[in-house]
Structures are given as C-alpha cells and as structure tokens.
Amino acid sequence: VSSSLAVGTSHGLVLMFDPSQALKLVLGNVKLGQQLGPVSAVDFNGDMTRLLVGHAKGTLTMWDLTNGKCIRTITDAHVPGTPVLHVRFLDDPTMAVFSDSGGSVFLLQFRRVMGVRTAESDCLFSGSRGEVCCVLPLLFGERGQGKALPEMRILAMASLTKVFIVRLRPKLEVLFTFALKGELGTLPLLDWRLVPVDHPTSGKIAEPLLVAARGNQVLFHRLSMDPTDNSVSFVQLKSATVAFSAISVKLLNSEIVVILDTREHIHVVDFSDMTELQDIDLVDVHLAYSTSHFKSLAAGGSVSKALEVASLHSCYQSVVTYRGQLLLLGVDVVHCLTIRKWDERLAVLVRDSQFPEALALAMTFYRGTARAVVGLSSIPDERRDVVSGQMIDVLLAYVDLSLAMEIPDDDHIDEQEHFYKTLVNICIDYCLILDATDLLFSDIYERFMDFVVGRACFLECLEPYIIGDHLTSLSPVVLKDFIEHYQTQQMLQRVENCLLHLEVQNLDLHQVVVLCWTYNLYDAMIYVYTRGMHDYSTPLQELLRLLRLALDNQESGVLPDGDQVLGYKLLVYISCCLAGRAYPSGEIADDLAVSVRTTVFSVLVKKQLNEVEADGKVESFPHLRTLLRFDTREFLNVLSLAFEEEFFTTVSFRDTSTGEAVQRPGRQLMVDLLLRLMMNSRDFTPSQLGSLFTFLARQMAKHKDIKVQRQLFEQVLKFLCNPDSTTRHEERQQAMLELLSTNIASQFDAEQLIVLCESANFYQVLEQLYERRREFAKVLSCYWRDPARRAQAFSYIHHVMLDDSFVEFERAEVEQAALHHMKELMEADSLATAKLMITDFAHDLADVTKRLADHAKLQYEFLQHVFGGPGGVGLTKPESPPPPEVHEQYIELMCRYDPTLVYSYLRSNENYRLEETLGICRKHLLTDAVAFLLERTGDVQGAFNLLLKSLVAKTNQLNKTLDEYDTDSENVVKVESVRIAVSAIHSILLVIIQLCQRNSVRLESEQRQVLWFPLLEAAMSPQQHWRHASSALVSTLKELTSHVLNSMMGYVPLPAILKQILSDPSTSSGSFGELKDLMMGMVETYSYEQTLLTTTNRLLAGDINSSISVLKRVKEKGLSPRSAACSDCGRRLWQSTSPAGAPNRSASPAPIALSSKEKDDVYVFSCGHSYHRVCVVQRQPGLVACGICNKKLSTSTSRQADWHRIRAPPSHARGSIDGESVAVATAAADKKATGAAPASAESAALVDVQRVEAVAQLHNSFRTGSRLQILHSLSSHHSQDASRKGNRLSGASNHDVTDRFQLNLAPPHMI
C-alpha cells in the first residue's frame, strides 16, 4: 500500500487501484501467472514508479507502473522453486531485500548497464542456521535525507527464537540481537515506526521504534544514534505480556499499537501503559492467510517442521498500515480501519444520546489525558479553546434534552429533586472547569427557571460550591433569587455562611447590607463593611449600640441567646482586629493593619457618645462599659491577647479621660481606664473586680511598662489571696506566681505575703517563697498539703539529696521532715516511699518501722516493698541485710494481713530467728509455717505430727461432709463445701509429702516406714465414706491416694507398701476391684523406674567407655622438647654440671639447696619448652611453670600447669620422653659412666601438701552430686542383695562412697 493499492491474486496477477477504488492496472496475464505461480509478496518503491512482486514458485518480477510493463524477471536470485515470503524496497530504490520459505534472506541490487537491466543477489542470512520468518527494513523516506543513520540501511530480521538488527552499509554488521520467546506454533512479528523524541541538544527528532512480538510477548525497543561519533544504541523501553496470542502487530502512530490475535480480534492498545482501548471482532472480514506459501505447497512442500507448524496463522502480507490507517486483506474484500478524529468520537456519542459519556470524553480532550487522539492540536491553549466550544454545545444539548424528555412525574417529587440536582451538579462542574460561570448563570439558569422544583434545586446546589470557595461570585439575578429562596425557607444562617465566601466586589452592597440589618446577619454585615468598604468602625459602633440596648432592657439579669451571640461575635471581632487578622477568617493587608488597630482601639476608648441617656446624664466610656457589663472576664482575656502585640508598645493614644490631651501607651491607657471605670462604680460585682485584679496581676508580671499605685497593688494582692473566695482558685494562684516571677512582689513584705498565701492555700506560691528563704522543710510541707501535687514530693526529695547546691544540714532537715511525715508519704505512694528510705536516705529500717508503729497496715506495705513481697521490688541490698527483728516484724504483719504468704516467704528467706518466728507462727495458728520451722530446728517428727494432725482434721471434716452429702441433692452449698474440703486436703497433703521426701534420705528403712505409713493411712481413711459420693469426687480422692503411693515408692520397699495397704481396715474388708487401680498404678510406676534405670545404665556405660578411651589416648601421647638445650640457661639438658667456662644466661637468684638427684631432673612442658629443675626452682620459687609462656599470659587469669616428674631414661632410650604435661627427666650420662643403674619412673608431687589440700577443699566446695552418684543411687534400688530386701540407698555412707568416686584419668592442663 502506498498512494495506490496493489493486490496480488492466486492466479499470479496484480491488481492496481487508485485511492477512489477504481481499477488502474492489471499486471500480468493468466498464462504468465500459471508459469510464475500465485503472488506471495508485493512492495512499492519510494516514488511509486516500480512494483516488486514475489511469487510462490520462487520467481521475482519488477513492473514499471508508468506503463504497466514487466521490466525484470529474476529467477536466479535464490534457490529455484522456493516461495518468496517477503519483498521490501529500501530507501535506495536500487536496493531491495527478500526472504523465502527456506528461511534465507537476500539483498537485491538493481543496475542498468548499456541499456540492459540486471539484478545481483547477495545472501545476507542462510536458512541453514535457522529460518528467518520475517524481514523488515527501516525506511526514513524524505526525513532521512543527509543523515548518517538512514545511510546505514538498517534491517530487522526475526527467526523463531531471535531478532537480529543489522546494517547493510558501509559493511554488513550485526548491531543488536535479543531473544524472542513464544509459544510453539506462533510466528515472530516486527514493525518499525519513526516517533518524535525530545533530544537535549537537537530538540525534537524522529527516532525509530521497533516492536517485536511472538505469542503473548510484546517487546518495544528504541534505536538512537549519538551524533558525536555516529554510534548506534538500542534501548528496551517496555516488555509486556498480553492475554492473547498475536498473529500481527502494527504501530499505528507514536502512541497506538494494533495487535491482531488468533481469534481474529483487533486490540487497540495504548503503548505507554499497554491499556486496551478497544476490541474489534474481524470475523466478517475473512482474513486471507499465506499459510500455503510458508508450507511451500506450490513447490512440493519442502519446509522445516517448525516453520510448517508456526505458519498456520501467517498473515504478514494481509495486514498493513499507511498514514494512520489499517488495511486488512480479506478473501474477497479489502477493509480499511482508521481511528476517528476527536470531534467525530464526540459526535458518535451525542448521536447515541450518551451525553454524560460524551462530556467525560471531552473533558479528557480538554485536560490532555485522552488516548488515541487524532486531529487535535498538541498546544494546550489551542486545544482547550477548541474543545471548550464543543463541550458547551454538548452541555447545552444535554440540558435541553433532559429537561424536555427525562423529567420524572410530579407524583414522584423525591425522584424529581434527585434528577434536577444531578443535572445541575453536572452543569456546575463543567462550567467551573471551563471557567464559564456566565453561561451557568445565564443560558443554563434560564432553562431551569421554567420549572419550580428545578429552580429551587439549582439555587440549593450552589451552596456547597460557594462554601467550598469554588464559586466566588453570583450574578445579581441569581444572588437575588438565592437570598429570596433561603429566606422563604427560613434558612438565612446558610445565606450568611455563603455571603462570607463570595467576593464583595461582585455583590450588590445595598441589597446585602439591608438584608443583614433586617435579619441580624452580623457576620455578613461585618464582612461587607470591612471587605467591601474597608470600614472597621461603623459595624463595631452599631453592634455595640445594639448590645448596650439589650443589656439595658434585659430581664432577670439574663440576656437572650441572640444577644449573647451578638456579644461574643463582637469580642471575637475586636480580638481579630487588634491582632491584625481579618474577620471571620484571613489576614488584614499589611498596609491596613496599623490603621485598623488604631481605629478599633480608638472606638473602644471613646469617652462618650453624641446622645444623652433618659435621666439626662452623659455616660462616659460607653463602649468599654458595655463590654465589661456583658462579660468582664472574656473581654479582659481579649485585651490580654491584644497586649501581646508589639503595636501596644510602639503606638501611643490620646488620653481623653482628663482635661489635658496627653499621648500615652496603649496598655497603660487601657489599664487606667479599666481601673477608673470599675473601681469607682457600683455597677460591677466583686467577682468582676476579681477578674480585673487577676488581669492586672498577670499584665504587670508580663509587661514592665504598666504602672499602678502601691495602695492599689496591695489591694490586688489581698484580693488574690482572699481566703473567703473559693472560685477560680487556680487562676488566682497562677496570677500570684506570675507576679512573684517579677520584681514587683519584692516590694511587698515577705512575711505578710506568706501569711496571705497560707490563708489562701497557695501552696505553689509558698513553695517559691520558702525556696528563696532556703527553708526546704517547709517547701516539702507544701507538697503533701497540696493534694494535687503530693506525689511530686518524692522527686523533690530525690533532687535535694542528689543536687550539690544543697549543704548537708539542709539535706538532714529535709530527711527529718520526710521521716516526720512518713504517714503522709506512705498514703501518697508506698512504693516510692520505700525507695526513698532505702536509696536516698539509707536510713535504719528499724527506726523507719517504729515511726509507722501506729499504722500497722502502712508498716506492712512498707516492709512488703522492702523485702520484695507481692507488689514489691526487693529494695534491700545484699551487703547490708536488715536485722532479724525487722524480718520478724514483717512476718508478724504478714500473719495478720496475708497469712497465706507466710509459708512461701519462710521457705525463700533465712534472715530471721527460728525460735522467735516459731512463736509468731504458733500465735497465729499457721500450721504449715510452724511445721516448716520445726523441720528447720531438727524436729522432723514434730513437724510431721503437726501436719498429720491437720490432715486428719481436714479428712474428718470431709468424712462428715460426705456422710451428709446426698448425690440426688441439688444443694449448692454442700457441693461447694466438699470442693473446698478436698482442695484443703490436697494442699496440706503436698506439704507433708515434700516434708517426707526431704527427710527420707537421712533415715533408715524402718524409720521411713514409720514416717510414711501414717500418711498413707490418713490418705486412705475416707474410703469407707466413698459409697455416697459422686464418681468425680471418688476419682479425685483416689488420685490423692495414688499420689501418696507414687511419692513413697522411692523411699519405702514395695512389699512393705503392699502389706500396709492390705492390712489397712479400709481396704481389708473391700473387694479386689477397689484396690485394683492403686496396685496397677504402683506396678506401672515400678516398671517405669526399672526401664529408666536400665536405659540410664546403658547410656552411662557407653559414656564411660568413650571417655576412658579418649583419656587413654591422651595419656599415651608423648611430649617432644623443642630443643636439647634449657630454655633458661642454654646448657644441654642431659648434663648435670656446666662445662668450664659455659656462660649462664640466667640471672638466677641465690641458689636453693637441692639434692644431687633433684639437680639431675629435667622439666618438659606441653608447650615444648624444656628446663633444668635447678633453673625452674631458682627463677620461680614455689611455682612450676614455663617461664616464657608464663610471661605471655601475665595479663590474663593466672593458670598453673599440672606437671609430673619422671626420672631420666636410660642411655638407650634418650630419644623418648614420657607424655605428661611436664616431664622431668634425670640426666644419666655421668651415671652411665659410673655404672649406676637408671632410676625407674615414679610419680611425685612437687607442690606442698597444704596447697594441694586447699585446692581440693575449694574444688569439693563447688561440687554437686555427679551423674554417677545419682545413677548409683538408682541402681541400688534394684540390688540383688537379698539382705537389703529392696531397701533404698539411704544414709551418709553411700553418699560418701559416691562422692569419693572419681576417674583419675583426666589429662593434665595444657599451657
């Protein structure tokens, strides 16, 4: 396709059509077509003068389109009979490329020599290395003239697995390759497009964009060239996976890619984010496929299997693009698809009455966010101007159609209102976007005025847009109707809110002012005066006049709600103006701020009005008087905020209160006027005067330029400290604090000030006064007298005790004050008090507890925190434990308040005296605690009897309850009593069992039976009462008995237990079934213990065997000295005396007397260093260690080497040295000469006996029972010695035996 359309037929003919679809030429004839075969590919050259045609039988022909003659018939350009699949001209009209069904690619170069036209063919790619299915040159046309990139003749080729980008000039070269994966049976697809790109140096240029696809994979690459060195680069822009399998992909423009899938659906996709814009079904097109050409059916079908499978949907020549159009070749018809222009797209939607959709689409055109836009300028201003006109036409047409045909019936008023509001909101939204509010308030509003409900909905829909500051002006007609509508609906407050958001210059001021005065729209009136006329005094004076009239006419001293609203609006307005802010929002312009402040302040201090009251008197300062009468406190707060502004420091005002006109600072002037008005008038209550005094105190503290008379200042202080006034206590105290922070209060007598503050309970003020006088004990009293700050006393005390600014006697004073008020501190925070006494004071606990003697509960809480009871933290220090008396006092209190905790506390602590504690526990009848203490004193039997007596008592109580218990009864009280009794029995039973287990190991077998059998008898005694109990209770009691049996089996022989059970009266009269569970449990426990013992013995035997093997290997390993010379003196190790003149490098101390036998000893350490015994003893007396290695380890923990001494070996064994950690050998060279026999090896300790015993004692003190000891104890239970009769290992003798057992095979420590 070019400016003409060429269609190849299966008869070998080519039909040429002009743009008007008229047949222009028929190239070829039937006879020639039969000879050449069907047309398989066609292409025009750049100037439309030549047409290159490929045929299914392998021949290529070139036709002159000016006369319709065939000027070249090429038969030898490739393998004969191979169908031509692609033919493409290059930008150079003398060059073309084509590919065939064999997968090869060829370059054709056309020449004319001496009037003879020739064509030379060069193979660019051979199909033997993989079939090329698609070939596409990059064409620049006129845009590529004179540029380096077009001159390279870029060509893209795609096989089933890869894409090649090659250049043909100046030489054939592969520029870039990338893999192209896809499903089996899919062909590769390629397409080029020149797209505009903004280049940083060259501006907007056209760069090639390549799209490659196969199956559902689509890849986009951009080719660019660096103009400095003409280097070409490829950049991958995007990789996408689509939801269909593609058979054709075309770039329609720089934004749109069109993909045809196997279902013959066209997918129009936006390239930027791969969004699908449209899906078109082409089933009626009957697309023409070139499958037969790929399969080479005309030449016998000799193609590869892969190409044959992939060619099922081949349509390379049936889908082409030209100038934004997509042309599809059907079997009978050629179809042309194009993207509509933007206005055509709108027209289609309008024609289908889809106005909301048309407006939404037009909005995307207006904002520049639309996709696939054709025919619209890319310049924003031009685009908006063009689109806005279309949008207005569409909007008006939409309104006309809706109002004419879609209005609901009058019977459905709700639906009608919803319809109108929806339509109005659409109109307002689009008019605001298009900045066409004049259209909204003229043409569109006129269309709604004919409908009563529509007009009301239109006006009400304006409100949210006005409040949101989207609509800032209304036309006079609409504003008038808007106000009248809300007035009829009695919603003028909403009108006022809207007026505050409209621009004043667009309002009818007279209309708005009259409306505001008529309906008391005060905010709107102030807004209109200040924003529209820049008049800040008129609204203030007029509104003050209204407030004064309301105050004069009020009944029963209460203003109506409307007048109160007016008064508070006035206060806010005054506050805003004095602060330089606009009312009700915004800021006053900088050039107006000073004048506005001055105007408003002048109005406030105006001396009199131009009117005379009814009694003929002129009221002075009416405006100030009015505001003070309305709300003194709030008006003074407004002035307090205003006084913070710099304006009142730099600007002075004319004082009109006196006869002379004097300029005075604003703050001082206002203070003087307030005092003159309120102090000399009876119109103000004491509460109002109090507000004035509080205001004065704060302002005098903040601003030094405010001056008052001393007498008045004293009056202010006395008011603030008035003990009869209970109102606003914190506010008055805060004012006193602010005064105290200045030098003003220093002029007042300190003692009198303290008296005043004491009477007023100003504890924070008193704190500062006492701190200035360094009376810190009184400061502390201020904390616990102030309920709100009592907890802060602890942090203050902590600060005093740690801060270096306090001297010792001051700390002692604070400590004594804290001890004196222990009760108050404990009531505030008991834990913090305990920490304070222990960490900060480090006071004697006995003295502290005595101070709380009259408050037992507080005393208990204090000790509980000290000793770490429940809720405590254990504040006592291990290095200074409390005396036993304190512990006993704590135990006494615990017996009174938490008796259940006494037993556990006694078990976990030992810092108490046994006899005294035993008396305390007996006094409070704590059986478990008394039994524990008896056990500690050695009276095990007494402890056991006491616990057993308690158990028997609880068991009897349970028996009594069981006798009275009826299983059919629903008495909840009886059921609960049984549960409590069983729980008590279980608790004390556990205590007795633990007692027996702790002491059985020290008793003989008969003594154990005496200890355990009464417990067993007591546990089994309730059996005779089980018959009337429920099954759950019976099960619980049996579990208790089983627990006793299982616990005693480790200490009492099994036969003795069985004999005792069978002889018990409660079981001898019963059947075997009642004893079955008990006996089976005993047998199972016995079997389990026997299995455990067997397994443990087997593991121990293997462990011992492996350990002995390792120790034996270490024991047999010899030591090899590094040198035959002594590491200290340098002499040979085996010479008993030094040769004459041999130097002694050891600076040894005085020689130590050694026997001749000991002088011949040699030490060899595991590190390899060797020494003479003499050298070691003289250098390090009392320490046998390597001198070299000992220096290296001097900074670490000292470790002494184990060593052994051996005698020197015989002469025939000099080369071997025994493998101990330190080997001591006796040199035998001289002895051999004298015939002395070599000494035999013997072990001897060279460390004195006292040191050895000390080390052994230290070692034993840290030893616990070994695994062997435990296993030995277990194995003794199963000893086959009949004389023992199953008795357990008991008594100290067995422990002594196992404790002394050890393996003397441990290897020596290596240094």
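The structure under discussion appears in the preceding block.
So, here's what we can say about the structure. All values reported here derive from a predicted model rather than from experimental measurement.

**Thoughts on the overall build of the protein chain**
Here comes step 1: A count of helices and strands for the protein chain gives 51 helices and 29 strands.
Here comes step 2: Of the contacts formed within the protein chain by residues at least 6 apart in sequence, a portion of 55% connects residues at least 24 apart.

**Comments concerning the sheet that holds strand S15 (residues 173-179)**
Backbone-to-backbone hydrogen bonds pair the strands of a sheet. The strands run either parallel or antiparallel.
Here comes step 1: Read from one edge to the other, the open sheet built from four strands follows the order S12-S13-S14-S15, with strand pairing classed as antiparallel. If you trace the sheet from one side to the other, it starts and ends with strand S12 (132-137) and S15, each paired once. Across this sheet, the average inter-strand angle for adjacent strands is 20 degrees, counted without regard to direction.

**Describing the side chain of Gln416**
Here comes step 1: Along the polypeptide, Gln416 turns up in helix H8 (residues 413-433).
Here comes step 2: At 3.0 Å, the side chain of Gln416 forms a polar contact with the backbone oxygen of Pro408.
Here comes step 3: Residues within four places of Gln416 in sequence aside, it is in contact with Ile407, Pro408, Asp409, Asp410 and Val453.

**Remarks on the environment of Lys421**
Here comes step 1: Along the chain, the position of Lys421 falls in helix H8.
Here comes step 2: According to the relative accessible area criterion, Lys421 is partly exposed, its value standing at 32%.
Here comes step 3: Lys421 sits 37 residues away from Phe458 along the chain, and the two C-alpha atoms are 6.9 Å apart.
Here comes step 4: Setting aside its immediate chain neighbours within four residues, Lys421 contacts Cys457, Glu460 and Cys461.

**Quick notes on the packing of helix H16 (residues 561-579) against helix H17 (residues 590-604)**
Here comes step 1: Where H16 meets H17, the closest approach of the two axes is 8 Å, and the angle between their N-to-C directions is 135 degrees. With respect to each other, H16 and H17 are oriented oblique. Judged by the twist between their axes, the crossing of H16 over H17 is left-handed. Between H16, through Ile574, Cys577, Leu578 and Ala579, and H17, the contact on the second element is made entirely by Val596, Arg597, Val600, Phe601 and Leu604.

**A word on the sheet that holds strand S8 (residues 84-89)**
Here comes step 1: Spatial strand order, S8-S9-S10-S11: four strands in an open sheet with antiparallel pairing. Edge strands, defined here as strands with exactly one partner in the open sheet, are S8 and strand S11 (116-125). Adjacent strand axes in the sheet meet at a mean angle of 25 degrees, parallel and antiparallel pairs treated alike.
Here comes step 2: Judged from the five bridges that link them, strand S9 (residues 95-100) and strand S10 (residues 105-113) form a sheet pairing that is antiparallel.

**Side note on the pattern of salt bridges**
Think of it this way: side chains of opposite charge can pair up when their charged atoms draw near.
Here comes step 1: Tallied over the entire structure, the rule returns 33 salt bridges.
Here comes step 2: Glu463 is paired through a salt bridge with Arg494; the nearest N and O atoms lie 2.5 Å apart. Residue Glu463 is located in helix H10 (residues 452-467), and its partner Arg494 is located in helix H12 (residues 492-499); the two are separated by 31 residues in the primary sequence.
Here comes step 3: Judged by relative accessible area, Glu463 falls into the buried class, the value being 13%.

**Side note on the pairing of strand S6 (residues 60-64)**
Here comes step 1: Here S6 lies mainly inside the structure; five of its five residues are buried.
Here comes step 2: The pairing of strand S5 (residues 50-55) with S6 spans five bridges and is antiparallel. By the bridge assignment for S6, Leu51 is matched with Trp63.
Here comes step 3: Hairpin connection, S5 to S6: the antiparallel pair is bridged by four residues, and Gly58 has positive phi, about 100 degrees.
Here comes step 4: As paired strands, S6 and strand S7 (residues 69-74) are joined by five bridges and run antiparallel to one another. Opposite Asp64, over in S7, you have Lys69 as the bridge partner.
Here comes step 5: The hairpin turn running from S6 into S7, its antiparallel successor, is four residues long, and Gly68 in that turn takes a positive phi close to 80 degrees.

**A closer look at the nonpolar core**
Here comes step 1: With 237 residues, the main nonpolar core has Ile444, Leu462, Phe862 and Leu1015 as its most contacted residues.
Here comes step 2: Among the elements that take part in this core, helix H39 (residues 972-1000) stands out by supplying 11 residues, more than any other.
Here comes step 3: Here Phe862 is in contact with Met826, Thr833, Ala834, Met837, Leu845, Val848, Thr849 and Leu852, once residues within four sequence places are set aside.
Here comes step 4: One finds Leu189, Leu190, Leu210 and Phe294 within the second-largest nonpolar core, a separate group that totals 47 residues.

**Comments concerning the pairing of strand S13 (residues 154-159)**
Here comes step 1: Most of S13 sits inside the fold, with six of its six residues counted as buried.
Here comes step 2: Covered by surrounding structure in S13 are Ile154, Ala156 and Ala158 together with Leu155, Met157 and Ser159, the residues of both alternating faces.
Here comes step 3: Judged from the five bridges that link them, S12 and S13 form a sheet pairing that is antiparallel. Bridging from a neighbouring strand, Pro137 pairs with Leu155 of S13.

**Some words on the packing of helix H9 (residues 437-448) against H10**
Here comes step 1: Direction vectors running N to C along H9 and H10 enclose 145 degrees, while the axes themselves pass 8 Å from each other. In this structure, H9 uses Leu440, Phe441, Ile444, Tyr445 and Phe448 to contact H10, whose residues at the interface are Gly454, Arg455, Phe458, Leu459 and Leu462.
Here comes step 2: Taken together, the residues of the contact of H9 with H10 sort by class into eight nonpolar, one polar and one charged.

**Regarding unusual backbone geometry**
Here comes step 1: The residue after Arg169, namely Pro170, is reached through a cis peptide bond having omega 0 degrees.
Here comes step 2: Mapped onto the elements, Pro170 comes out in the loop between strand S14 (162-167) and S15.
Here comes step 3: A cis geometry characterises the amide bond from Tyr583 onward to Pro584, with omega recorded as 5 degrees.
Here comes step 4: Along the polypeptide, Pro584 turns up in the loop between H16 and H17.
Here comes step 5: You will see that His534, though not glycine, has its phi angle at about 55 degrees, which is positive.
Here comes step 6: When you line up the elements, His534 lands in the loop between helix H14 (522-532) and helix H15 (538-552).
Here comes step 7: The phi dihedral of Phe621 falls on the positive side, at around 45 degrees, and the residue is not glycine.

**Looking at the packing of aromatic side chains**
Here comes step 1: In this structure the tally under the stated criterion is 27 aromatic pairs.
Here comes step 2: Geometrically, the ring pair formed by Phe176 and Phe234 is stacked, given 5.0 Å between the ring centres and 10 degrees between the ring planes. With Phe176 in strand S15 and Phe234 in strand S18 (residues 231-251), the pair connects residues that are 58 residues apart, well separated along the chain.
Here comes step 3: Residue Phe176 is classed as partly exposed on the basis of its relative accessible area of 25%.
Here comes step 4: With centroids separated by 5.6 Å and ring planes inclined at 25 degrees, the aromatic side chains of Tyr860 and Tyr897 adopt a geometry described as stacked. Of this pair, Tyr860 sits in helix H33 (residues 856-867) while Tyr897 is found in helix H34 (residues 884-897), placing the two residues 37 residues apart along the sequence.
Here comes step 5: Taken together, Phe419, Tyr420, Tyr445, Phe448, Phe451 and Phe458 form an aromatic cluster joined through their ring pairs.
Here comes step 6: Cation over ring: Arg129 sits above Phe125, and NZ or CZ is 5.0 Å from the ring centre.

**Points about helix H40 (residues 1005-1020)**
Here comes step 1: Over its 16 residues, H40 runs 22 Å from end to end, which matches the ideal 22 Å to within 8%, given 1.5 Å per residue.
Here comes step 2: Where H40 bends most, the angle comes to about 25 degrees, and this point is Trp1012, followed within four residues by the proline Pro1014.

**A closer look at H12**
Here comes step 1: Along H12, the residues classified as buried are Leu492, Val495, Glu496, Cys498 and Leu499. Buried residues in H12, looked at end-on, bunch into an arc of 160 degrees, giving them a common side.
Here comes step 2: Those residues of H12 that are buried lie in contact with H10, helix H11 (476-488), helix H13 (509-519) and H14.

The rules behind the values
Residues numbered from 1 in each chain as written. Predicted model: local features only at pLDDT ≥ 70, side-chain atom pairs only at ≥ 80, totals over all residues. Heavy atoms only, no water. Helix = DSSP H or I, 4+ residues; strand = E, 2+ residues; numbered from the N terminus. Contact = heavy atoms within 4.5 Å. Pairing = 2+ DSSP bridges. Axes fitted to C-alpha atoms, helices over the stretch in contact; angles between N-to-C directions. Polar contact = N/O pair within 3.5 Å; in protein donor to acceptor, adjacent residues only side chain to side chain. Buried < 20%, exposed > 50% of the residue type's maximum accessible area, 1.4 Å probe, protein only. Parallel < 35°, antiparallel > 145°, perpendicular 65-115°, else oblique. Left-handed = near helix turned anticlockwise from the far one by under 90°. Salt bridge = Lys/Arg side-chain N within 4 Å of Asp/Glu carboxyl O. Core = buried A, V, L, I, M, F, W, Y, C linked by side-chain atoms within 4.5 Å. Nonpolar A, V, L, I, M, F, W, Y, C, P; charged D, E, K, R; others polar. Phe/Tyr/Trp six-rings, centres within 6.5 Å; stacked < 30°, edge-to-face > 60°. Lys NZ or Arg CZ within 6 Å of the ring centre and 35° of its normal. Expected span 1.5 Å × (residues − 1). Bend = angle between axes of the 7 residues up to and from the residue. Arc of directions from axis to C-beta.

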